[in-house]
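Observations on chain architecture
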Amino acid sequence: MRGQAQPLLHRPDLRRRRTLGAAMKNRRILLQTSRPEAWEDFVAQLQHDGCTVCMTATIDQCKEAARRDIPVLALLDPPFGDLARAWVLELMMIDAGMHTAVVTEMDEEVFHDVMEGLGILMPLPPEPGASEARRLLGLLKQVESLGG
Amino acid sequence: MSKTVLAIPSELPGGMDAGMGMHFGHCDIYTVVEIENGAVTAQGTLPSIPHQQGGCMAPVQYLAGHGVTAMLAGGMGMRPLMGFNQMHIEVFFAGNYPTVGQAVEAFCAGKLNRFSTDQTCGGGAH
């Protein structure tokens with residue numbers, strides 16, 4: 001190595017403040033589903049806990065809504081499980097700071113393997129209820145408390 | 001003068017002689033070096049931060065907050081790679097260098113390639 005190494009840290013000139021989008025600051029949640037009736041209890045719990053839930057029927061509408069205003073969390077309910085990874089990636093390309101949760105019937109271990117690297121908060125069952133909403137918000141708070 | 005602040009996931013205790021931490025999100029510590037005109041002008045370490053499922057962006061935000069402008073990595077998920085890209089922090093693949101010093105030397109010599117999406121962990125390939 002060339003050059004004389006000097007202590008690097010604690011130099012304010014090297015510190016920059018950047019964050020991705022507005023995702024970390026709000027409680028706006030996007031829900032993509034073509035089965036709104038299956039989400040009634042789940043959505044009611046999110047709203048009870050102070051979240052604003054915006055529902056879209058398709059992934060294209062979901063992406064358009066995300067581009068307009070980055071949500072803290074996007075919930076995806078794809079018609080086929082093998083679409084999930086691609087759909088999450090499409091949202092990540094808009095803003096990787098957006099958290100996601102995905103409806104799946106996959107075993108949790110298989111789901112983790114298939115979706116590895118995407119940082120999905122949790123898989124959701126096809127008919128998520130209030131308890132899943134509470135668990136999801138708890139995970140979201142934990143992740144945010146760690147700066148993610 | 002162009003200055004690069006380079007972060008390298010490392011094994012303990014960090015520094016040029018330390019082994020590379022092969023997954024940035026689960027590394028022991030970060031070695032951070034400042035490079036000007038192809039030469040290391042400063043170095044130090046940053047503690048790593050806890051990792052939690054869904055919390056891939058925490059280390060990205062953390063390193064950005066410490067002024068990091070480029071990153072060397074042996075393993076990384078798609079979401080943090082996208083996060084680094086969106087924050088204009090360049091990520092280079094250095095998974096074939098055993099020590100931090102060797103990886104930094106390769107970076108200074110312009111031998112490293114950009115970390116591609118094909119190299120990310122995921123989809124059952126890791």
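Residues numbered from 1 in each chain as written. Chains lettered and ligands numbered in written order. Predicted model: local features only at pLDDT ≥ 70, side-chain atom pairs only at ≥ 80, totals over all residues.

This part covers the sheet that holds strand β5 (residues 90–93) of chain B. All names here are of chain B. An order of β3-β2-β1-β4-β5 is seen for the five strands of this open sheet, with the pairing classed as mixed. Since the sheet does not close on itself, it has two edges, and those belong to β3 (39–47) and β5, each with one partner. Pairs of neighbouring strands in the sheet enclose a mean axial angle of 25°, with direction left out of account. Bridge count for strand β4 (residues 70–73) against β5 is four bridges, and the pairing is parallel. (Pairing = 2+ DSSP bridges. Helix = DSSP H or I, 4+ residues; strand = E, 2+ residues; numbered from the N terminus. Axes fitted to C-alpha atoms, helices over the stretch in contact; angles between N-to-C directions.)

What follows concerns the nonpolar core. Counting residues in hydrophobic clusters, the biggest one holds 73 residues, and the most contacted among them are A:Ala74, B:Leu6, B:Ile8, B:Leu72, B:Ala103 and B:Val104. Filtering out sequence-adjacent residues up to four positions away, B:Leu6 remains in contact with B:Val32, B:Val33, B:Ile35, B:Ala70, B:Leu72, B:Val104 and B:Phe107. (Core = buried A, V, L, I, M, F, W, Y, C linked by C-beta atoms within 7 Å. Buried ≥ 20, exposed ≤ 12 C-beta atoms within 10 Å, placed from the backbone. Contact = placed C-beta atoms within 7 Å.)

A few words on the UniProt feature "domain: Dinitrogenase iron-molybdenum cofactor biosynthesis" (unreviewed entry) in chain B. Residues given the UniProt feature "domain: Dinitrogenase iron-molybdenum cofactor biosynthesis" (unreviewed entry) here are residues 22–108 of chain B. Secondary structure over residues 22–108 of chain B splits into 31% helix and 29% strand, and the C-alpha atoms at its two ends are 20 Å apart. (UniProt positions renumbered as here; feature names shortened; annotations may be inferred.)

All names here are of chain B. Interhelical geometry of helix α1 (residues 57–65) versus helix α2 (residues 78–86) gives an angle of 25° and a closest axis separation of 9 Å. As summarised for this structure, α1 and α2 are arranged roughly parallel, according to the angle between their axes. The handedness of the crossing between α1 and α2 comes out as right-handed. Residues Met-57, Pro-59 and Val-60 of α1 form the contact with α2, whose own contacting residues are Arg-79, Pro-80, Gly-83 and Phe-84. Residues of the contact of α1 with α2, tallied by class, amount to five nonpolar, one polar and one charged. (Parallel < 35°, antiparallel > 145°, perpendicular 65-115°, else oblique. Left-handed = near helix turned anticlockwise from the far one by under 90°. Nonpolar A, V, L, I, M, F, W, Y, C, P; charged D, E, K, R; others polar.)

Turning our attention to the sheet that holds strand β1 (residues 28–32) of chain A. Residue and element names in this part refer to chain A. Read across the sheet, five strands follow the order β2-β1-β3-β4-β5 without closing on themselves; strand pairing throughout is parallel. With partners counted over all chains shown, the strands left at the sheet margins are β2 (52–56) and β5 (122–124), one partner each. Ignoring strand direction, the axes of neighbouring strands in this sheet form an average angle of 20°. Here strand β4 (residues 99–103) pairs with β5 via three bridges, running parallel. Residue Val-102 lies in a different strand from β5, and its bridge partner there is Pro-123.

The next subject is the packing of helix α1 (residues 40–48) of chain A against helix α5 (residues 130–145) of chain A. Residues and elements named next belong to chain A. Here α1 crosses α5 at 45°, and the two axes come no closer than 7 Å. In terms of their interaxial angle, α1 and α5 are classed as oblique. Note that α1 runs across α5; the crossing there is right-handed. When α1 is examined against α5, the residues Asp-41, Phe-42, Gln-45 and Leu-46 are found in contact with a partner set consisting of Ala-130, Glu-132, Ala-133 and Arg-134.

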